[in-house]
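# Survey of secondary and tertiary structure
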Amino acid sequence: MEKLLKDFDVDPKNPSVEAQRRWRAAVTIVKNRRRRFRMVADLAKRSEAEKKRRSIQEKIRVALYVQKAALQFIDAGGLPEYKLSDEIREAGFGIDPEELASIARGHDIKRLKLHGGVQGIASKVSASLDEGICTEDPSSKSSISVRQRIYGFNRFTEKPARSFLKFVWEALHDLTLIILMVCAVVSIGVGIGTEGWPKGMYDGLGILLSIFLVVIVTAISDYKQSLQFRDLDREKKKVFVQVTRDGKREKVSIYDLVVGDIVHLSIGDLVPADGLFITGYSLLIDESSLSGESEPVNVYKEKPFLLSGTKVQDGSGKMLVTTVGMRTEWGKLMETLGEGGEDETPLQVKLNGVATIIGKIGLGFAVLTFMVLAVRFLVEKALKHELTSWSSTDALTLVDYFAIAVTIIVVAVPEGLPLAVTLSLAFAMKKLMNDWALVRHLSACETMGSASCICTDKTGTLTTNHMVVDKIWFTGKATDMKGAEGKDILKSETSEEVLAILLQAILLNTSSEVVKGKDGKQSILGTPTESALLEFGLLLGGDFAAHRWDTKTLKVEPFSSVRKKMSVLVARPDGMARAFCKGASEIVLGMCDKIVDKEGNFASMSEEQVKNMTDVINGFAREALRTLCLAFKDVDDTSGNIPESGYTLITIVGIKDPVRPGVKEAVKTCLTAGITVRMVTGDNIHTAMAIAKECGILTEGGIAIDGLDFRGKSLEEKKEIIPRIQVMARSLPLDKHTLVTILRKELNEVVAVTGDGTNDAPALKEADIGLAMGIAGTEVAKESADVIIMNDNFTTIVNVAKWGRAVYINIQKFVQFQLTVNVVALVIDFVSACISGSAPLTAVQLLWVNMIMDTLGALALATEPPKDELMNRRPVGRGTSFITRAMWRNIIGQSIYQLAVLGALNFDGKSLLGLHGSDATEVLDTVIFNTFVFCQVFNEINSRDIEKINIFRGIFSSWIFLVIIVSTVVFQAILVEFLGTFASTVPLSWQLWVLCVLLGSVSLPLGALIKCIPVGQDAPKPQDGHEHHDGYEPLPSGPELA
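No experiment lies behind these values; they were computed from the predicted model shown. Residue numbers run consecutively from 1 along every chain, following the written order of its sequence. Restriction of local features to residues with pLDDT of at least 70 applies here, the model being predicted, together with a cutoff of 80 or more for giving and counting side-chain atom pairs; totals for whole chains, interfaces and linings are based on all residues. Each side-chain value is worked out from all heavy atoms of the structure, with water and hydrogens disregarded.

## Overview of the nonpolar core
Let me state the cut-off plainly: Only buried Ala, Val, Leu, Ile, Met, Phe, Trp, Tyr and Cys residues count toward a nonpolar core, and they belong to the same one when joined by side-chain atoms within 4.5 Å. Only protein chains enter the area calculation, which uses a 1.4 Å probe; residues under 20% of their type maximum are buried, those over 50% are exposed, and those in between are partly exposed. Under the scheme used here, helices are H or I runs from DSSP no shorter than 4 residues and strands are E runs no shorter than 2 residues, and both carry numbers assigned from the N terminus. Contacts are residue-level and defined by heavy atoms, with any inter-residue pair within 4.5 Å sufficient.
With 171 residues, the main nonpolar core has Met448, Ile769, Phe794, Ile811 and Val815 as its most contacted residues. Sort the elements by how many residues they give to this core and helix H31 (residues 794-836) lands first, with 20 residues. Residues contacting Met448, with those up to four places away along its chain left out, are Ile454, Ala752, Ile769, Leu771, Ile797, Val800 and Ala801. Of all hydrophobic cores here, the second largest spans 44 residues; its members include Ile88, Val239, Leu276 and Leu283.

## Side note on the pattern of salt bridges
Side chains bearing opposite charge may pair, as long as their charged atoms lie close to each other. To keep things clear, this is the line we draw: In what follows, salt bridge is the name for a side-chain nitrogen of Lys or Arg lying within 4 Å of a carboxyl oxygen of Asp or Glu.
Applying the stated rule across the entire model yields 51 salt bridges. The salt bridge involving Arg38 is made with Asp222; its shortest N-O contact spans 3.2 Å. Taken together, the residues Arg38 in the loop between helix H2 (33-36) and helix H3 (43-71) and Asp222 in helix H11 (residues 202-236) connect sequence positions 184 residues apart. Among the residues examined, Asp222 registers a relative accessible area of 3% and is labelled buried. Among the ionic pairs, Lys611 bridges to Asp615, the shortest N-O distance being 3.6 Å. Residue Lys611 and its partner Asp615 are both found in helix H23 (residues 607-622); the two are separated by four residues, about one turn of the helix. A residue is classified by how much of its surface remains accessible, and Asp615, at 39% relative accessible area, is partly exposed. Each member of the salt-bridge network shares a partner with another, and the members are Arg35, Arg38, Arg162, Glu170 and Asp222.

## Quick notes on helix H7 (residues 117-124)
Burial in H7 covers these residues: Gly117, Val118, Gly120, Ile121 and Ala122. Buried-residue contacts for H7 involve helix H5 (97-105), helix H6 (109-114), strand S4 (274-286) and strand S7 (311-323). Directly beyond the C-terminal end of H7, a positive phi value near 55° is found at Ser126.

## So, the side chain of Ser210
For clarity, the threshold we go by: Counted as a polar contact is a pair of N or O atoms within 3.5 Å, where, for protein atoms, one must be capable of donating a hydrogen and the other of accepting one, and residues adjacent in sequence contribute only when both atoms are in side chains.
In this structure, Ser210 sits in helix H11. In terms of polar contacts, Ser210 uses its side chain to reach the backbone carbonyl oxygen of Gly206, at 2.8 Å. Filtering out sequence-adjacent residues up to four positions away, Ser210 remains in contact with Val844 and Leu847.

## Observations concerning the packing of aromatic side chains
Both the distance between ring centres and the angle between the ring planes are used here to describe each pair of aromatic rings. To be explicit about the condition: Working definition: a ring pair exists when centres of Phe, Tyr or Trp rings (six-membered ring for Trp) sit within 6.5 Å. Plane angles under 30 degrees give stacked, over 60 give edge-to-face, the rest tilted. Working rule: Lys NZ or Arg CZ, within 6 Å of ring centre, within 35 degrees of ring normal, means a charge sits over the ring.
Enumeration over the complete set of coordinates arrives at twelve aromatic pairs. With a centroid separation of 5.8 Å and an interplanar angle of 65°, the aromatic rings of Phe167 and Tyr223 are classed as edge-to-face. Linking Phe167 in helix H9 (residues 164-171) with Tyr223 in helix H11, this pair joins segments that are 56 residues apart in sequence. Judged by centre distance (5.5 Å) and plane angle (70°), the ring pair of Phe602 and Phe632 falls under edge-to-face. One end of the pair, Phe602, is in strand S18 (residues 602-604); the other, Phe632, is in strand S19 (residues 625-635), and 30 residues separate them in sequence. A relative accessible area of 4% means that Phe632 is categorised as buried. An aromatic cluster of at least three residues, connected via ring pairs, comprises Phe164, Phe167 and Tyr223. A cation sits over an aromatic face here: Lys718 above Phe710, 5.1 Å from the ring centre. Above the ring of Phe961, the side-chain terminus of Arg944 is found at 5.5 Å from the ring centroid.

Just geometry here; none of it tells us what the structure is for.
Okay, structure coming up:
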């Protein structure tokens, strides 16, 4: 089978256009293109959208870089005029929306100056640069609703959702159903002509009613899927930003932003609207998504323009929102982003291949069946010398034969296979969303089931991210800071001058802020590490507002995962300047040549003191504390750069971040499941090792390595050591990217990687599955990720892996079930047509069987929740055969039994059952149909587990499965007992009902016996000489494990 599917192979992430075109061309037999390819990327539309996007980007680039140059030669008098409407005046605003939009869009500095700069624009949109907009009085002229009416909503044009009737219409585009509808109409016409009204219309009407039922059930299933994807899409677009309104900081959705809002920007944020820079430090903006230019742009007071959709690469700042929604250039670009749909997943492609191969076989059988039936009919007519005399009954017979052949195609082309993947993924993604995991790309959910390695961050993922200063080394000794005692001891034993410098180092060199909420209470906003340090400063009696108000900040170098430190230069009252630096202990310690000694004096640091300080840092780290050094330096030059050396060490701080509850168990589950967990952190190696041991990540024989050592090794050395690396400390984002690349490309692992910072984006994109943190993660990281872990918890990552495995196994179960029905339906109809000249299953009956195995079968088997045993298997390796030997064993075994039973009934049923009388043939056909359906019902139960004998385990936790089984049995009873006129059945006696159910139920014990037949393991395609495992290999235990 794998050889036949060679054209149906695509990469799970960023598949090539060539591979996508190749498999589309290989799909030759499709009943309903609209439905089959609905969840597949439209390459033509995508190409068109790409051209449109490039065209818009080129216009923006010209506007930004060419128009700016042209504006230098246009004086203010030559600027186009905008008239202010009465509506805008009455609302209390002093600038037209289009004019306001043109300022940021065109970087029009002259028009900005004409309106009085940023301050002038703020007053014209009734906003304060300090207090923001006023929302406390909803009846005021400048309320949010008025702003939205005048200046617009911060929303982009979206395609309208499909209605239920649209799905009905798409389901009706099935070519085989259209042919059957024509056959039904012909059958009604000929039937009424020969048998009269109403008897002559029953056969045709039965087919039409069956088609109606199939279409409605299909449309309901597809519509419910679309609702799940719509909910998911809505969740993906939820982005929150920090704004100042009514003088208070608050978090609002980007969709609630209005013109006049004051937005706070920091590293990794997406700029949510067009606007103007108010204040900030080293603000560096990446405009590549908008203009295509890769060079980042510095934004400052003389160049204050910020554009929606761009990203903050470095620094921080405040902006005034001037343009929102479709008036921004990003709004126009966003229209093109959704065009062409999402990339198809590898399983969808593979099952399209399986459906195509089986479809070709089915088409061949259908043509042969029709030819055999037609030739037999013509030979019989020739033998009776009636070849020249044709009646309407003869025409009706041929129409029936044609309808049977078409219905065989309906059953034989398993259109539901690729669609079952979508159904299973939609179900899994909906469940994961309730469990704090937002899947952004369909294929990620599928690929996560094959993950063999997780590279995880420490802070916030393995730990709680609720940080508090636990220990501090200050003026020559370490003090525990638990409770109020530590604070009192510190204050009593320290001179006022030294304590003042410590408070300055904490309160001035921070990216956190103390803000007042709507309830009037103060809270700290910022990263957990910064917040813990600031909280400690306030505990020592520091006044954040006073320090900030009294001191002028000259320059800021924000913290980044590359620099691993934050520095600030502030002006002193005596005209000099003071630099403060804090960050990774070894780095800051290396920048210091002086120290605050026991007496509180600033003394030169000896080699012995450096060694002592290193021991203090390592001692803190071994207690699993995150260590930071704080230092300062007085400088003469107030306009120069922040110095890189000559600092005085003030203090070493140990911050505690406890391990999350449940992480140790989750790591143990991963190891049991054959998934290696590696911690990649920016922390000190001793802190990282302590936490890794506590979590169960660092085990005997595992290696903990420093990022610097790792970078210094050659590729061959890295390849040799990486399989044993369990902890990488003091790592740079580049180290994480290198680790992921080697694991994937050299060692052939399926890698999941977590990330939260902007610099993690390359590693998130490179990994098979990028997992961004929902709380601590920046918008840039989330945009690069495949899954967003909304609660930042490692346990949630393990849950995603479990659901990924469930999707894979569920699809295998459905494929096994459907292929069994295919084989039996095809063979029994074909053999019967060849031998007896008639098919035992009519068009209506086959349509009902098709619905059981297709839409209902997919719903029952593809939506089963994951079992805990899934995490006792090794991950499915790359190149493993999807249809395993165990599945072929089950398919062949069940097919032989069903064919034997149905064949015996078909060719010798009357004598076996002792049927006599005029209705014996109708009763026998009904028994065959009923037995066939019950064989499928029990085989559906049998398919709940491919390997294990106990197929009833957990059946009551899968309510969808139970509802579908019960519904199938109930409707089958109604079809046989009450709808015989349409379904060509007759009511059966209770004895025959029992017989049908018993013959079907033999599938269960037979299935248990079949599973005892050993089939060996599937050998995956060898890649790079590394061995991989299929989804069913048991984990080694006992001596084997060693």
